[in-house]
Amino acid sequence: MRVGLFVTCLVDQLRPSTGVAAVKLLRRLGVDVVFPETQGCCGQPALNTGDPELARKAARAQFRAFEDCDWIVTPSGSCTGMMRHHTPELFRDAPEAANAAHLAARTLEVSEFLEQVLRVKALPGRFDARVTWHGSCHGRRVARVGDSAERMLASIAGVQLVPLPRAEDCCGFGGSFAATFPELSAAMGATKCAHVDGTEAELLTGNDTGCLLHMESLFLKTGRKTQVRHWLEIAEEASRERAPC
Amino acid sequence: MLTPEGDFDARSRAALATPALGRAVRGTVDRLRNLRAIAEADADLTRQRRAAATEARTRAIDKLPELLERFTRNCEARGGVVHRAPDAASATAIATSLLRKSGARRVVKGKSMVTEEIELNAALEGAGIEVTETDLGEWIIQLAGEKPSHIILPAIHKTRHDIRALFEKEGGTPLDASTTTLCAHARRRLRERFLAADAGISGANFAVAETGSIALFTNEGNGRLVTSLPRLHLVFLGMERLVENFADLAAMAEVLPRAATGQDLTSYFSIITGPRHRGELDGPEALHVIILDNGRSRLLEDVAFRPVLRCIRCAACLNVCPVYAEIGGHAYGGTYPGPIGAVLTPVLRPEEHAARELADASSLCAACSEACPVGIPLDELLILQRARNATLRPKRALRLALRIALSGLMGDKAHGTSRRLRFVAKVLGAGTPQRRALAKVLPMLARSEAVRALPVIPPQSFRELWKALQAGENTRAR
Amino acid sequence: MLAEPEAAALRTRFADALVRAGGEWFAVPDAAAAARVVNDILHAACVSSVAVDDTPGVRTLVTATEQRSVFLSSTVQNKHRFAEAGAGVTGALAGIAATGTLVLAASRSTPRSTSLLPPLHIAILDGKDIVGTLAESFARFAAHALPSQIIHITGPSRTGDIEHDLTRGVHGPQRVVVLCLTGAGS
Ligand code: SF4
């Protein structure tokens, strides 16, 4: 089983630790994950800013990069949505429709891979923290990832997962949206921050690096102490072998 | 019509600068969402109801010309008169001339988004006809000289203190700000108008082709008063609001109130078929239906956007929209706010740049599409509209730069681009002098920095770290 | 005709839905009992003038007293009379159990205003006329002979236009009382 990591642009450039965590966790679970180096972007920023042609170009490169992988796993709910739903749409009735369908069928968010392919019931190790979850809107509604990441997270001993009120609401990131309307994006984030405050969680986690960086940037700006980490980093840290005492 | 002041960006920033607005809107949409969640709690039943409603609406839109023709025939067979208005100007002209001919001077109006779309009140007032909005929210808005900021709760942005001030000014008597007092005041004042009115104007939630009937879902009862007391009744019907028969109407009644207010059925649901029959002592003596096109035919031809015509204006998409919750409806600048407004306004008014740009007013979280009872893929239509806009947009330098950066990331050269991008990111990272210089010339950058702490660029990208990970693989014991 | 247990189940569903929508429910065995309840409600609400549907089932239920005048809706030429009435008493063609909805139709003997202008609406509903759903109620109308207005009433008039603070009676009746004839007395 050849499993390719699609690391995503944001993780590659701004939060490589999430990619490293994904690789280490998967290895500890016995998966020899590879990183096809010709991979690029899923194409979502192009599509969302009105350039479907460029998005197709991105997708074609992905077809090639992940050609020989049985599975494509990614830490992002949003990119999963792009590759699973929008990419086939972009190639509907096009010669590469089969390639798009093939890409879509193999793409899984890491937690889905753990649950559906590895049949993991509970993740190893321990992580003591009061945590709340903000999932990716695209992961939820476009990729339909479901609650697998939350389940994986909750399965770690010591993790106290507190439900976030209105967890299904967008945090205001939205990719180009945050850059086009910074104040509006921050106002939406402020509403999300207030909900996070209410949970008294010490740590906010999720499966979309865009949302998490956005929330972190607002926490820092407003002097909040809440930590922000991708759930894979939590899972990886928990699974580290600890010296016996 | 779009308000001239500024663009969506400017208007939304103005809305954010009024914190009371966001508080009022957020509080109310939150309650509406909870009510809808209860009404739609049975997921299987909700799915079935939505499927039936979507099927009925899709079928109606697919044979719209035929249904319009059947509706017209059947409505006229029951004594109604049907008019077709290709645009706003002709619709208002038909109404004005009908009112003039019947000598009507005083008009009471029920809630109707179509009449907002054609700015009917201004036209009638210009013709010397007194118009009173009688839906409580619409009356508040009329007294304030504003436009509705929500499809079903037009005064959602007003606090009770705003409303008291408006009512005191209108009635000339001091009032307290309790809901009971304010409602009693409205009942008293508007009752006088109802009893004195020569004509009633209403919208229509649906028109039934098979029977020539008009269906109205309301809660306050003003819709019933408008259609029962005056001797003349004018109905404004959006061209797309047809259903084929009563069975389809029943399917719509299953979803509309639940999606809109979380009710199993609205307090009133009236089906009007023609004017009063001989010997009846109330009800209008004459009934006219004015069917408005105003861009809808074009939408019918536009295969991709055609599903928008299914819309039943329930406002569920507004109530779940995180953008709408922060800024309310006026920031959208058009008649229809929220996600449906962002989708509909650009296609109804494609020649207006400001209208087209509303497609950007979304984070594409897709909460709207999930809430829509007739399955309109609002988020995907926004993406499609953005693609259409891109072909028309002036190529500004910033966009071009973004495009070059993006196109480098997309494709087989991504690896090299990643390295170059990294260099740029490091040079321009938070706190560097270059970055400060750049922020001076790029206002968007400065605006971003004013609201958020920019991310610290890590020393190595994942691509660079992968080498080490690979090397470690062979040596480490699992 | 429905067997009594099914009819009783429909009545219960109707009553529950009506009360949820803010309406009031009375089950009465027969017309004589209905008359007593109607007159008690009118007395308790201090109603001095009552508009009444001109139908045999309703006409005879409401009695004039020293404090109270009763007029037939079908004779009213001036709509102000309705506006001044303290209550309107109507029949109903049907009741819809799923939503607690009354189905009325405009006609010469049953004008629209009786259930609309006075602040209190009392409706007499025969338990046999309660159906399950809106679609079943629709099936009772012939498409070619529809009344000029079919009116579905589900509880009192309500608005949420002031800070979404739900309030009754802004334009239509503040109270909707349904008297259901169960036929248990016959
Ligand atoms: S788009 Fe859908 S959710 Fe929005 S108003 Fe129309 S029908 Fe309702």
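Residues numbered from 1 in each chain as written. Chains lettered and ligands numbered in written order. Predicted model: local features only at pLDDT ≥ 70, side-chain atom pairs only at ≥ 80, totals over all residues. Heavy atoms only, no water.

### Considering the domain arrangement of chain A
Residue and element names in this part refer to chain A.
- Taken domain by domain, chain A holds domain 1 (3–117) and domain 2 (126–239).
- Here the C-alpha centre of domain 2 lies 21 Å away from the C-alpha centre of domain 1.
- Each partner contributes residues to the interface: domain 1 has 29 residues there, and domain 2 has 26 residues.
- When domain 1 packs against domain 2, close to 2200 Å² is buried across both sides, 61% of that on carbon and sulfur atoms.
- Of all residues in domain 1, R15, L25 and E115 bury the most surface against domain 2, accounting for 21% of the area lost on that side.
- Viewed at the interface, domain 2 and domain 1 are joined by 3 salt bridges.
- The shortest N-O distance in the salt bridge between R28 and E236 comes to 3.0 Å.
- At the level of elements, α1 (9–14), α2 (16–28), α3 (44–48), α5 (77–90) and α7 (110–117) are the ones that each hand at least two residues to the side of domain 1 that touches domain 2.
- In terms of residue class, the side of domain 1 that touches domain 2 is made up of 9 nonpolar, 13 polar and 7 charged. (Domains from an automatic or database assignment. Contact = heavy atoms within 4.5 Å. Buried area = accessible area lost by both parts, 1.4 Å probe. Salt bridge = Lys/Arg side-chain N within 4 Å of Asp/Glu carboxyl O. Helix = DSSP H or I, 4+ residues; strand = E, 2+ residues; numbered from the N terminus. Nonpolar A, V, L, I, M, F, W, Y, C, P; charged D, E, K, R; others polar.)

### Overview of the site of the ligand
- Near the ligand, the surroundings consist of C311, I312, R313, C314, A315, C317, I340, C372, P373, V374, I376 and L378 of chain B.
- Here the shell around the ligand is composed, by residue class, of 11 nonpolar, no polar and 1 charged. (Near = heavy atom within 4 Å.)

### Let's talk about the interface of chain A and chain B
- Listed as interface residues are 68 residues of chain A and, on the opposing side, 64 residues of chain B.
- Both faces combined, the contact of chain A with chain B buries some 5700 Å², and carbon together with sulfur accounts for 58% of it.
- When residues of chain A are sorted by the area they lose upon contact with chain B, Q13, R27 and E37 of chain A head the list and together hold 12% of the total.
- Taken together, chain A and chain B are joined by 8 salt bridges.
- Notably, a salt bridge pairs R33 of chain B with E168 of chain A, separated by 3.0 Å at the nearest N-O pair.
- With 8 residues, the single largest contributor to the side of chain A that touches chain B is helix α11 (residues 182–199) of chain A.
- Across the side of chain A that touches chain B, the residue classes break down as 32 nonpolar, 20 polar and 16 charged.

### Here we look at the sheet that holds strand β12 (residues 175–181) of chain C
Residues and elements named next belong to chain C.
- Judged by pairing direction, the sheet is parallel, and its 6 strands sit side by side in the order β1-β12-β7-β4-β2-β3 without closing on themselves. In this open sheet, the two edge strands, each paired with only one partner strand, are β1 (24–28) and β3 (69–72). Shown here is a sheet whose adjacent strand axes are inclined to one another by a mean of 20 degrees, direction ignored.
- Bridging between strand β2 (residues 49–52) and strand β4 (residues 87–91) involves 3 bridges; their strand directions are parallel. Directly across from V50, in β4, lies its bridge partner A87.
- Seen against the sheet, helix α1 (residues 4–20) touches β1, β7 (120–126) and β12 and runs at an angle of roughly 155 degrees to β1.
- Against the sheet, helix α2 (residues 31–44) contacts β1, β2, β4, β7 and β12, and its axis sits at roughly 165 degrees relative to β12. (Pairing = 2+ DSSP bridges. Axes fitted to C-alpha atoms, helices over the stretch in contact; angles between N-to-C directions.)

### A short note on the nonpolar core
- Counting 149 residues, the largest nonpolar core has F8, F71, L99 and F269 of chain B as its most contacted members.
- Top element by residues in this core is helix α12 (residues 246–261) of chain B. It accounts for 9 residues.
- V3, A22, W133 and A238 of chain A belong to the second largest nonpolar core, which has 37 residues in total. (Core = buried A, V, L, I, M, F, W, Y, C linked by side-chain atoms within 4.5 Å. Buried < 20%, exposed > 50% of the residue type's maximum accessible area, 1.4 Å probe, protein only.)

### Topic: the interface of chain B and chain C
- Each partner contributes residues to the interface: chain B has 64 residues there, and chain C has 52 residues.
- Here chain B and chain C share an interface that buries about 4900 Å² over both sides, 56% of which is from carbon and sulfur atoms.
- Broken down residue by residue, the surface that chain B buries against chain C is led by R187, R224 and L281 of chain B, which jointly contribute 14%.
- Inspection of the region where chain B meets chain C yields 5 salt bridges.
- E280 of chain B is paired through a salt bridge with R112 of chain C; the nearest N and O atoms lie 2.7 Å apart.
- Taken together, the connections running from chain B to chain C amount to 30 residue pairs in polar contact (both at pLDDT 80 or more).
- Listed by contribution, the elements that provide at least two residues to the side of chain B that touches chain C are α2 (19–39), α8 (136–144), α9 (160–171), α10 (179–196), α11 (222–228), α12 and β9 (268–272) of chain B.
- Of the residues forming the side of chain B that touches chain C, the biggest block, 8 residues, is contributed by α10 of chain B.
- Across the side of chain B that touches chain C, the residue classes tally to 28 nonpolar, 21 polar and 15 charged.
- Summarising the sheet, β9 of chain B and strand β9 (residues 149–153) of chain C pair through 5 bridges and their orientation is antiparallel. Bridge pairing in β9 of chain C places S270 of chain B opposite I151 of chain C. (Polar contact = N/O pair within 3.5 Å; in protein donor to acceptor, adjacent residues only side chain to side chain.)

### Notes on the sheet that holds strand β6 (residues 157–162) of chain A
All names here are of chain A.
- With parallel pairing, the 4 strands of this open sheet are ordered in space as β6-β5-β7-β8. The sheet is open, and its two borders are formed by β6 and β8 (227–230), each paired with just one other strand. Adjacent strand axes in the sheet meet at a mean angle of 35 degrees when their direction is disregarded.
- Where strand β5 (residues 126–134) lies against strand β7 (residues 203–206), 4 bridges are found, and the strand directions are parallel. Residue V131 lies in a different strand from β7, and its bridge partner there is L203.

### Quick notes on helix α6 (residues 97–106) of chain A
- Regarding α6 of chain A, the residues found buried are A100, L103, A104 and R106 of chain A.
- Of the surrounding elements, those touching the buried residues of α6 of chain A are α4 (52–65), β3 (71–74), α5 and β4 (107–109) of chain A.

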